[in-house]
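# Fold and geometry: a report
Residue-level listing of the chains:
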Amino acid sequence: ETGVTQSPTHLIKTRGQQVTLRCSSQSGHNTVSWYQQALGQGPQFIFQYYREEENGRGNFPPRFSGLQFPNYSSELNVNALELDDSALYLCASSPGTSGSHKNIQYFGAGTRLSVL
Amino acid sequence: AQSVTQPDIHITVSEGASLELRCNYSYGATPYLFWYVQSPGQGLQLLLKYFSGDTLVQGIKGFEAEFKRSQSSFNLRKPSVHWSDAAEYFCAVGPMEYGNKLVFGAGTILRVKS
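None of the values given here were measured: they were computed from a predicted structure.

## As for the overall build of chain A
Assigned secondary structure in chain A consists of zero helices and eleven strands. Along chain A, helices (α) and strands (β) appear in the sequence β-β-β-β-β-β-β-β-β-β-β when read from the amino end. In terms of overall size, chain A behaves like a compact globule, its C-alpha atoms giving a radius of gyration of 13 Å where 116 residues would be expected to give roughly 13 Å. Considering chain A as a whole, with its 116 residues, one finds that 50% of them fall into the buried category. Partitioning the intrachain contacts of chain A with sequence separation of at least 6 by distance along the chain shows that 54% fall at a separation of at least 24. If you sum the accessible surface of chain A, you get close to 5300 Å²; carbon and sulfur atoms cover 47% of it.

## A look at the pairing of strand S8 (residues 74-78) of chain A
All names here are of chain A. Counting buried positions over the five residues of S8 gives five, a clear majority of the element. Burial along S8 is two-sided: Ser 74, Leu 76 and Val 78 and Glu 75 and Asn 77, pointing in opposite directions, are all buried. Pairing of strand S3 (residues 19-24) with S8, which is carried by five bridges, proceeds in the antiparallel orientation. Looking at the pairing, Val 19 lines up with Val 78 of S8. Two elements, strand S7 (residues 64-68) and S8, share five bridges in a ladder whose sense is antiparallel. Directly across from Ser 65, in S8, lies its bridge partner Asn 77. As consecutive antiparallel partners, S7 and S8 are separated by five residues, and within that stretch Tyr 72 has a phi angle of approximately 75°, a positive value.

Conventions adopted
- Residues numbered from 1 in each chain as written.
- Chains lettered and ligands numbered in written order.
- Predicted model: local features only at pLDDT ≥ 70, side-chain atom pairs only at ≥ 80, totals over all residues.
- Heavy atoms only, no water.
- Helix = DSSP H or I, 4+ residues; strand = E, 2+ residues; numbered from the N terminus.
- Rg over C-alpha atoms; globule rule 2.2 N^0.38 Å.
- Buried < 20%, exposed > 50% of the residue type's maximum accessible area, 1.4 Å probe, protein only.
- Contact = heavy atoms within 4.5 Å.
- Areas by Shrake-Rupley, 256 points an atom, 1.4 Å probe, with all protein chains shown as cover.
- Pairing = 2+ DSSP bridges.

See the structure below:
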């Protein structure tokens, strides 16, 4: 069984650029959540996708957007990058959105984004 | 608003000593509760979870946690720490109803001295 995989591992961008991060969910999981983890902080929820529809969003501006594909993989897009966007971006997949065990989220290793 | 507090930013324990990491939450109802561990440069690994029932839950790597509703706490414990337990530990809460956004604490960095 393949776990959650994220690409790329590391990325360096300059302010104002756009970036796309990718996530392949664990086999059998139809829900993907994205989190931003700034240095020295806990992860913060960006948004969640369930069966290709956005299913909740945290306190992030619209320049953070996402997609989920029919195979349940997902992309996180960030436009007009700012220095404060430098962080570890974590993707998590889960078997569903409600019910106890469907609430268990399994995380990938993350993409480290540096904005210069 | 939902929040999770981990009062200890850093904790140092000797190898073989016992460990307790504190977690308090603020939530409108009884949430699902989780502990995750993160090694440097890695993602988050689930240690254990509480959904309902027995308030003492067992996890991987010899960890356990106790849910105390009256104190809104979910403290993580281990009777004997190993050097490989050095990592950052995150407590998280999630809703029981539709949608499973997790709210994380700021984390506790565990150092193990030999």
